[in-house]
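Each chain is listed here by its residues.
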Amino acid sequence: MDIKEKEILRELKKYRERDLKYEDGKILGSMCSKPHPLSKKIVEMFLESNLGDPGLFPGTKELEGKVIKMMGNILNNKNPFGYIISGGTEANITAMRVIKKISRKKDKDKKVNIILPKTAHFSFEKARDMMDLNYISPPLNKNYIMDVKYLKDYIEDKREKHGIDGIVAIAGCTELGTIDNILKISKIAKEHKIYIHVDAAFGGFVIPFLEERYRLENYNYEFDFSLDNVFSITIDPHKMGLAPIPAGSIVFKDHSFKKYLDVEAPYLTDTYQATLIGTRTGIGVATTWALMKLLGSEGYREIVSKCMENSYYLIRRMNEYDFEEVITPVLNIVTIKDEDPLRTSLMLRDMGWYVSICRCVDALRIIVMPHINKDHIDNFIEALSQCKRD
Ligand code: EBR
């Protein structure tokens, strides 16, 4: 390495050293974690791959097909179609694009009406901006999930007038980790022939691996393609899948959905391109394939169980200090009631702790990711109680 290269690396290191590190256990509001160590070698191996021009990278393209098949396996779909893309935002926008295309095919002048839970991630707001969608948001019920009774009545009363083109349901909502009752939603959607898109960006790598002992009684965890009218699912390897960023994924029920996404791409090795992003790395494909092979269901089950155990440990420690949760955790997301969550989160930040806050209820929110252990939790509880004393 020559002197100039060494200097450049030294300079970069200075910037990088200012970043927080997952292993310090202070990042408590992130849905990403430290990537699995195997990722490093794979990133190097696939550094120059570009799935934007798949004819030049037929090996990586074939691998993408295999990963989508593996996704199909965990999502109960033998015939999936999809892509490994930049993340949950791109996946959700892609699904909204399909719903819009299907609606426009039926009636090109009609407004595109989509039922969107109040707990939906803000990526849907970007989709609305871009595609001029109309969202209808039913109220939440006492469990902080979409009120299905309201949904049913709304569809039955207003369907003729508005024509509902799609329903978004969430499996692992960003704020609380709750799961909409997608079984019930699916029955309504089937009856009225409505497309369901499930946002399982976070929950997709948790729910299939959640042990029975962590499943709440009378809670519906079903979210995948085994349910009628679930036609697309967002599921992100770069969240609980432990893949390095960028690795998101959009999976469709079958290949017939490709036609809604394809645009002509005359100067590429493929005639059509379906993904939103053109030039795109194959690194996410390779790392996701490798980690799913290496860890398998058993490996992911262990990771999820550890996170759930730590979530319950956090609740126990909170309760010792009279801090109260908003809901019993459905997934590895813990909420802490707080009268002024913004103020508390800023105080914690001054002490070096990064938590985030909820929008739908006054609470702090902690994502108990794989990089969080019990010592981190003990230290955090100390910091939180000190905040409250000050
Ligand atoms: C949280 C992403 C996050 C990651 C936040 C790291 C803070 C961090 N959520 O430090 C759902 C249910 C999400 C979500 C992101 C997205 C968007 C879609 N759906 O484009 O990969 O919780 O960020 O995913 P993205």
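Each value, and the rule that gives it
- Residues numbered from 1 in each chain as written.
- Predicted model: local features only at pLDDT ≥ 70, side-chain atom pairs only at ≥ 80, totals over all residues.
- Heavy atoms only, no water.
- Helix = DSSP H or I, 4+ residues; strand = E, 2+ residues; numbered from the N terminus.
- Salt bridge = Lys/Arg side-chain N within 4 Å of Asp/Glu carboxyl O.
- Buried < 20%, exposed > 50% of the residue type's maximum accessible area, 1.4 Å probe, protein only.
- Phe/Tyr/Trp six-rings, centres within 6.5 Å; stacked < 30°, edge-to-face > 60°.
- Lys NZ or Arg CZ within 6 Å of the ring centre and 35° of its normal.
- Pairing = 2+ DSSP bridges.
- Axes fitted to C-alpha atoms, helices over the stretch in contact; angles between N-to-C directions.
- Contact = heavy atoms within 4.5 Å.
- 1 Å grid on protein atoms, 1.4 Å probe; cavity = no way out; pocket = protein on both sides within 12 Å on 5 of 7 lines; lining within 4 Å.
- Points joined across faces, edges and corners; volume = space filled by probe spheres on them.
- Nonpolar A, V, L, I, M, F, W, Y, C, P; charged D, E, K, R; others polar.

Chemist: For this particular structure, what's the right way to read unusual backbone geometry?
Modeler: When glycine is set aside, most residues are seen to have a negative phi, and most peptide bonds are trans. For the peptide bond that leads from isoleucine 245 to proline 246, omega is 5°, which places it in the cis range. Within the element layout of this structure, proline 246 appears in the loop between strand E6 (230-234) and strand E7 (248-252). Here aspartate 132, not a glycine, exhibits a phi torsion of approximately 55°, which is positive.

Chemist: Sorry if this is basic, but what is going on with the pattern of salt bridges here?
Modeler: Pairing is possible between side chains of opposite charge, provided their charged atoms come close. With the rule as written, the count across this model stands at 24 salt bridges. Notably, a salt bridge pairs aspartate 236 with lysine 239, separated by 2.5 Å at the nearest N-O pair. Accessibility classification places aspartate 236 together with lysine 239 in one group, the buried group. The salt bridge involving glutamate 309 is made with lysine 374; its shortest N-O contact spans 2.5 Å. Here lysine 374 lies in helix H10 (residues 374-389) and glutamate 309 lies in helix H8 (residues 283-320), a separation of 65 residues in the sequence. The class of lysine 374 is partly exposed, set by a relative accessible area of 26%. Via salt bridges that share partners, Lys61, Glu64 and Arg280 belong to a single interconnected network.

Chemist: Where do I start with the packing of aromatic side chains in this structure?
Modeler: Within a pair of aromatic rings, the relevant descriptors are the distance that separates the centres and the angle that separates the planes. Per the stated rule, a full pass over the model turns up 13 aromatic pairs. Joined through ring pairs, the aromatic side chains of Phe81, Tyr83, Tyr195, Phe231, Phe252, Phe257 and Tyr260 make up one cluster. We note lysine 26 situated over the ring of tryptophan 353; from NZ or CZ to the ring centre the distance is 5.0 Å.

Chemist: Could you clarify how one ought to interpret the sheet that holds strand E3 (residues 134-136) in this entry?
Modeler: A sheet is described by the order of its strands in space; here seven strands give the open sequence E1-E7-E6-E5-E4-E2-E3, paired in mixed fashion. Where the open sheet ends on each side, the last strands, each with one partner, are strand E1 (81-85) and E3. Neighbouring strand axes in the sheet, compared pairwise and without regard to direction, differ in orientation by 20° on average. The pairing of strand E2 (residues 113-115) with E3 spans three bridges and is classified as parallel. Following the sheet pairing, isoleucine 115 is matched in E3 by isoleucine 136. Where helix H3 (residues 58-74) meets the sheet, its contacts fall on E1 and E7, and the angle it forms with E1 comes to roughly 110°.

Chemist: Looking at this structure, I do not really get the pairing of strand E10 (residues 333-337). What am I missing?
Modeler: Regular strands show a simple pattern: their side chains alternate between the two faces of the sheet. A large share of E10 lies buried, amounting to four of its five residues. Summarising the sheet, E10 and strand E12 (residues 363-367) pair through five bridges and their orientation is antiparallel. In the sheet register, lysine 337 faces E12, and the bridge partner there is alanine 363.

Chemist: Any chance you could explain the sheet that holds E10 here in plain terms?
Modeler: Sheet strands associate in pairs through backbone hydrogen bonding, adopting either a parallel or an antiparallel arrangement. Ordered in space as E10-E12-E11, the three strands form an open sheet in which the pairing is antiparallel. Strands at the two margins of the open sheet, each flanked by one partner only, are E10 and strand E11 (356-357). Where H8 meets the sheet, its contacts fall on E10 and E12, and the angle it forms with E10 comes to roughly 15°. Sitting on the sheet, helix H9 (residues 341-350) touches E11 and E12, and the angle it makes with E12 is about 50°.

Chemist: Just checking my understanding: could you explain empty space enclosed by the protein for this structure?
Modeler: The method is simple in principle: a probe with the dimensions of a water molecule rolls over the atoms, and the space it marks as empty is what remains. All told, the structure shown has two cavities of 30 Å³ or more when counted by the stated rule. Lining the largest cavity are Leu28, Leu314, Ile366, Val368, Ile372, His376, Ile377 and Phe380. Of the residues forming the lining of the largest cavity, the biggest block, three residues, is contributed by H10. Split by residue class, the lining of the largest cavity holds seven nonpolar, one polar and no charged. In this structure, the second largest cavity spans a volume of roughly 30 Å³. As for the second largest cavity, its lining consists of Tyr83, Ile85, Glu90, Thr94, Ile250, Leu261, Ala274, Thr275 and Leu276. Of all the secondary-structure elements, those providing two or more residues to the lining of the second largest cavity are E1 and helix H4 (88-106). Looking at the lining of the second largest cavity residue by residue, the classes come out as six nonpolar, two polar and one charged.

None of this, on its own, says anything about what the molecule does.
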